[in-house]
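# Structure assessment
So you can see what is in the structure, the chains are spelled out below.
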Amino acid sequence: MKKILLSLLLLPVLAASGFAQESRQDVSASWTGLIPPHVVGNAVQQDGTIGNYGVLASYRYMLTPRSALELNYQYSQDIQHFVGNFFDYHVHTRFQEISGAYIYNFTFRNFNPFLEAGIGGYIFTPIKDPKTTNLDVKQNTNVGALYGGGIAYELSPSWDIRVEYRGIVLKTPNFGQDSLRTNRYYNISNPAIGFAYHF
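First, a word on scope: everything that follows refers to the structure included in this document. Predicted, not measured: the structure shown is a model, and the values here were computed from it.

Mapped onto the elements, glycine 148 comes out in strand β8 (residues 140-154). A residue is classified by how much of its surface remains accessible, and glycine 148, at 13% relative accessible area, is buried. If sequence neighbours within four positions are ignored, glycine 148 has contacts with Phe114, Leu115, Glu116, Tyr165 and Arg166.

Along the chain, threonine 132 turns up in the loop between β7 (111-126) and β8. A distance of 3.0 Å separates the side chain of threonine 132 from the backbone nitrogen of histidine 92, its partner in a polar contact. Excluding anything up to four places from it in sequence, threonine 132 contacts His90, Val91, His92, Ile127 and Val137.

Each aromatic ring pair is summarised here by two numbers: the centre-to-centre distance and the angle between the ring planes. As enumerated under the stated definition, the model contains 11 aromatic pairs in all. Ring plane angle 15 degrees and centroid distance 6.2 Å describe the contact between tyrosine 197 and phenylalanine 199, whose orientation is recorded as stacked. With a relative accessible area of 39%, phenylalanine 199 lands in the partly exposed category. Taken together, Phe82, Phe95, Tyr122, Phe124 and Phe175 form an aromatic cluster joined through their ring pairs. Over the ring of phenylalanine 114 we find arginine 60, and its NZ or CZ is 4.4 Å from the ring centre.

If you look at the biggest cluster of nonpolar residues, it comprises 23 residues, and the most contacted ones within it are Phe82, Tyr122, Phe124, Ile168 and Leu170. Elements with a minimum of two residues in this core: β5 (67-83), β6 (88-105), β7, β8, β9 (159-171) and β10 (185-198). Among the elements that take part in this core, β6 stands out by supplying 4 residues, more than any other.

Calculation rules
Residues numbered from 1 in each chain as written. Predicted model: local features only at pLDDT ≥ 70, side-chain atom pairs only at ≥ 80, totals over all residues. Heavy atoms only, no water. Helix = DSSP H or I, 4+ residues; strand = E, 2+ residues; numbered from the N terminus. Buried < 20%, exposed > 50% of the residue type's maximum accessible area, 1.4 Å probe, protein only. Contact = heavy atoms within 4.5 Å. Polar contact = N/O pair within 3.5 Å; in protein donor to acceptor, adjacent residues only side chain to side chain. Phe/Tyr/Trp six-rings, centres within 6.5 Å; stacked < 30°, edge-to-face > 60°. Lys NZ or Arg CZ within 6 Å of the ring centre and 35° of its normal. Core = buried A, V, L, I, M, F, W, Y, C linked by side-chain atoms within 4.5 Å.

Next up, the structure:
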């Protein structure tokens, strides 16, 4: 009888510890770069400053050992440069991303390569300071696609380091000004490196 009672008491503890070892969730924080390309359209040239630094926070939930869903929030700043026939404007921009993605993982010892694809909302908010030369600009919100891949290296059962390339495809922002409209889509390169904690 004592053995049966002891078994019944230990069963929830063993189940909880087994679930904890599964590590079905993780959170990560990464340093990112934002590298927009040169775009020409509608008699407007658009560039963004290269080498902008930002932060990316992510949450992943493992559906299976290979498949996961991920939620992302990213914050960065850059300066958008617009040149047309009769103007040359700079817009100091606060860039924010709220996105979701499907992740497919591979496993090779401590290395875990992964691929990702998803969709997100991207917010371009002008910062009206001396770096912005057109004060009539307004916030621009776009829907875009996210894709990429990377490698996670397992440092311990709870921690890994991640290096990834993220690509963001969306329509170029015009900040509410028809004169800044290129009518083009572009691919923003968004490399990231950071740490993830599994729980």
